[in-house]
Amino acid sequence: MLKVSSAEKFSVLFTKNHRSCFTNFQSKPISNTPTPTHQQISHLILEQRSPHQALQTFKWASKLPNFIHNQSTYRSLIHKLCSFREFETANNLLDEMRRSIGSPPSDDIFVTIIRWLGRARRIKELIKVLDWVSRFERNPTLKIYNSILDVLVKEDIDLAREFFRKKMMGRGINGDYYTYGILMKGLCLTNRIGDAFKLLQAMKNGGLTPNSVIYNTLLHALCKNGKIGRARSLMNEIMEPSDVSFNIMISGYCKEENLTQALVMLEKSFSLGFAPDIITVTKVVEILCSRARITEAVEVLERVESNGGAVDVVAYNTLLKGFCGIGKAKIGCRFLKEMERKGCFPNVDTYNILISGFVDSMMLDSALDLFNIMKSDGLDWNFLTFNTLIKGLCSKGRMEDAFKVLGLMEETKAGCGGHISPYNSVIYGLYKKNRLDEALEFLTKMKSLFPRAVERSLSILIYCDKKCIEKAKRIFDDMIQEGSLPNAIVYDFLIRGFCEEGQAEEAFGMMNEMVGSGCFPLVSTFNILITQFCKTGKIGSGLKLVEDMAERDCLPDLGSYSPLVDALCLKGDFQKALRLCLQMVEKGVLPNYSIWNSLIHYLSPDVACLGDENNLCIDKILQSIVET
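No experiment lies behind these values; they were computed from the predicted model shown.

Enumeration according to the criterion identifies 28 salt bridges in this entry. A salt bridge links D548 to K544, with the nearest nitrogen and oxygen atoms 2.9 Å apart. Taken together, the positions of D548 and K544, both in helix 32 (residues 539-551) and 4 residues apart, correspond to about one turn of that helix. For K544, a relative accessible area of 45% translates into the label partly exposed. One salt-bridge network, held together by shared partners, links E305, E338, R341 and K342.

Written as structure tokens, this is what we have:
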């Protein structure tokens, strides 16, 4: 521990290395060197890397001609000593200071010590600073009390309250706005809402009218804890609410998704000439857009600007996301020029939102146009740009365009960034086109980029081919657990593998996972599962699957209907089988021999199948079907 009690204890000779730090002052004899300012010496002390060097610098400066230390240089030295937790040395310096410059330490010096004691969590010594002040025959100022209170609040609110009662109020020290603000902050941070209201009342009883800062602190705590109604009542008490008060209330209502009250509070804010801050505005716009109230969201932004508020690119992006969410990406696109006209330039997120909107609306050419505009506007594509566009192109079978965008992605410095999703999208696009050989070839080529994922995928395919479905499923489960994204071919093989093993429910569960991942099975894959449902007597599940296919614009074919008609006929439910045939015809799918055979066999078991020798009999049966 370094100890200093008088000027004599600073007499430490400079080493050669230390002198090199001060060449600016010693390039000439000291007598000819201009006297440095107190600010320069303070800065030099603060630059030292150890308390020892700081002390040496201080002593060196004291020997300069015409230089006398003052409060600022002492404060810098004390600051440096405290930063190394040399608090005893700093305390001793206080006595030295009065003898050296003829004045006691200033409040700023004591505040410096208080803050460093707080950082060191030396709470007992922190409170004793009051005694350090008293030995200079002066009472601690309110500034010093508040500084100690501020540190205690961060450490322990109960200790802070005790300090306030005993050390301040007990000595007749009435707090000011800053005092009560510190305590209010501490109570609210620890969710002592009841005590916070008591403090508010105590403040009023003491003759202080709470200011907006104190009210806002309590408002924020109430909203954070979901007590929005109580916050509204408190808001009504405030004689002159600030813009911050409205920001807190509007954000609180947005958090509760109470859009009506948020808009009421927003309107009141506008009527008083306030403009909510950009974070609050964005929250309101986001909720309006989530409820498809896009026109109102546009009006909110316009009114904010007319009231002198700022609207940034994040707020505009939120609005654009709202337009895209209701399928109006083209209208949203018009805001690009509006943004630029107002000096708010779109960023990569702006373009990504619009590209995603065009992709969702199946306006892929517009998405590609924006993709190209980004580059011409000097904005670099990021992974999300590529991933969104590749996924959209592949889902619509535009594989040539998808491969071009994939090539551009691979040419960029970041590339895919270790993400497999764009490549899985390509596999899905090829799969949807029934170009399975190409999809498998592409998967194999991916091995250099994603060796583990590709190796596991190929292992699953091999095990499915060998009818080792359980082993394949274990590898699949491991992939999912590790966060890997299986591709469409993996799902397809597993679905078919479960069906071949007679495990229709497992196949159905795997199909649901496949759809959940954004991939829709081929019609042939659906047909295999429908057939399996029919074999196990679960005709209802097979019929429901056909309905699901139609709802997702995946048109069932003969392979979808045939096993169902056959199963219904075998079950004896001829009417339902016939209605299914009529449904087929309505959808442009004509029954084949197999379906007719099922119907005819039900009506006339003696006729095994269609043939020339049975034409007369068949004509009568068909007539019976028509009449039915």
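Picking up where we left off.
For the rest of this paragraph, the subject is the packing of aromatic side chains. Counted under the stated rule, the structure contains 16 aromatic pairs. Taken together, F403, Y423, F442 and F450 form an aromatic cluster joined through their ring pairs. Between K375 and the ring centre of W381, over which it is positioned, the NZ or CZ distance is 4.9 Å.

Let us now look at the nonpolar core. By size, the foremost hydrophobic cluster in this structure holds 194 residues, and its most contacted members are I113, M249, L319, L389, M446, I460 and L494. Per element, the largest residue contribution to this core is 8 residues, and it comes from helix 29 (residues 488-500). Here L389 is in contact with I355, V359, A367, L368, F371 and V405, once residues within four sequence places are set aside.

When pLDDT is averaged across the chain, the result is 88; 91% of the residues are at 70 or more. Here residues 1-31 scores under 50 on pLDDT; set against residues more than four positions off or in separate chains, the count is 55 contacts. Overall, residues 607-623 carries pLDDT values under 50, and its contacts beyond four positions in sequence, including any with other chains, amount to 21 contacts.

So, about the layout of surface pockets. Its boundaries defined by the atoms lining it, the largest pocket holds a volume of some 980 Å³. What lines the largest pocket is a set of 33 residues, among which S395, Y428, G518, C519 and F520 lie closest to the centre. Only helix 21 (348-360), helix 23 (383-395) and helix 25 (421-432) provide two or more residues apiece to the lining of the largest pocket. Ranked by residues supplied to the lining of the largest pocket, first place goes to helix 23 with 6 residues. Partitioned by chemical class, the residues of the lining of the largest pocket number 16 nonpolar, 11 polar and 6 charged. Looking at the second largest pocket, its volume works out to about 320 Å³. Around the second largest pocket sit 17 residues that line it, and F164, M169, Y180, L199 and A202 are the ones nearest its centre. At the level of secondary structure, the elements contributing two or more residues to the lining of the second largest pocket comprise helix 10 (157-168), helix 11 (177-189) and helix 12 (193-205). Partitioned by chemical class, the residues of the lining of the second largest pocket number 10 nonpolar, 3 polar and 4 charged.

Another point: the side chain of N352. Residue position: N352 is located in helix 21. Here N352 falls in the buried class, since its relative accessible area comes to 4%. Separated by 2.6 Å, the side chains of N352 and T385 make a polar contact. Setting aside residues up to four positions removed in sequence, N352 forms contacts with N382, L384 and T385.

A negative phi angle characterises most non-glycine residues, just as the trans form characterises most peptide bonds. At R121, a residue that is not glycine, the phi angle is positive and equals roughly 60°. Tracing the backbone through its elements, the reader meets R121 in the loop between helix 7 (107-119) and helix 8 (123-134). Taking relative accessible area as the criterion, R121 reaches 58% and is therefore assigned exposed. The residue N191 is not glycine, and still its phi comes out positive at about 60°. You can see N191 is positioned in the loop between helix 11 and helix 12. Judged by its relative accessible area of 40%, N191 falls in the partly exposed class.

With their axes 8 Å apart at the nearest point, helix 17 (residues 278-290) and helix 18 (residues 294-306) run at an angle of 165° to one another. What the angle tells us is that helix 17 and helix 18 run roughly antiparallel. Here helix 17 runs over helix 18; the crossing is right-handed. Along the contact surface, helix 17 presents V281, V284, V285, L288 and C289, while helix 18 presents I294, E296, A297, V300, L301 and V304. Split by residue class, the contact of helix 17 with helix 18 holds 10 nonpolar, no polar and 1 charged.

Parameters at a glance
Residues numbered from 1 in each chain as written. Predicted model: local features only at pLDDT ≥ 70, side-chain atom pairs only at ≥ 80, totals over all residues. Heavy atoms only, no water. Salt bridge = Lys/Arg side-chain N within 4 Å of Asp/Glu carboxyl O. Helix = DSSP H or I, 4+ residues; strand = E, 2+ residues; numbered from the N terminus. Buried < 20%, exposed > 50% of the residue type's maximum accessible area, 1.4 Å probe, protein only. Phe/Tyr/Trp six-rings, centres within 6.5 Å; stacked < 30°, edge-to-face > 60°. Lys NZ or Arg CZ within 6 Å of the ring centre and 35° of its normal. Core = buried A, V, L, I, M, F, W, Y, C linked by side-chain atoms within 4.5 Å. Contact = heavy atoms within 4.5 Å. pLDDT = per-residue confidence, 0-100. 1 Å grid on protein atoms, 1.4 Å probe; cavity = no way out; pocket = protein on both sides within 12 Å on 5 of 7 lines; lining within 4 Å. Points joined across faces, edges and corners; volume = space filled by probe spheres on them. Nonpolar A, V, L, I, M, F, W, Y, C, P; charged D, E, K, R; others polar. Polar contact = N/O pair within 3.5 Å; in protein donor to acceptor, adjacent residues only side chain to side chain. Axes fitted to C-alpha atoms, helices over the stretch in contact; angles between N-to-C directions. Parallel < 35°, antiparallel > 145°, perpendicular 65-115°, else oblique. Left-handed = near helix turned anticlockwise from the far one by under 90°.

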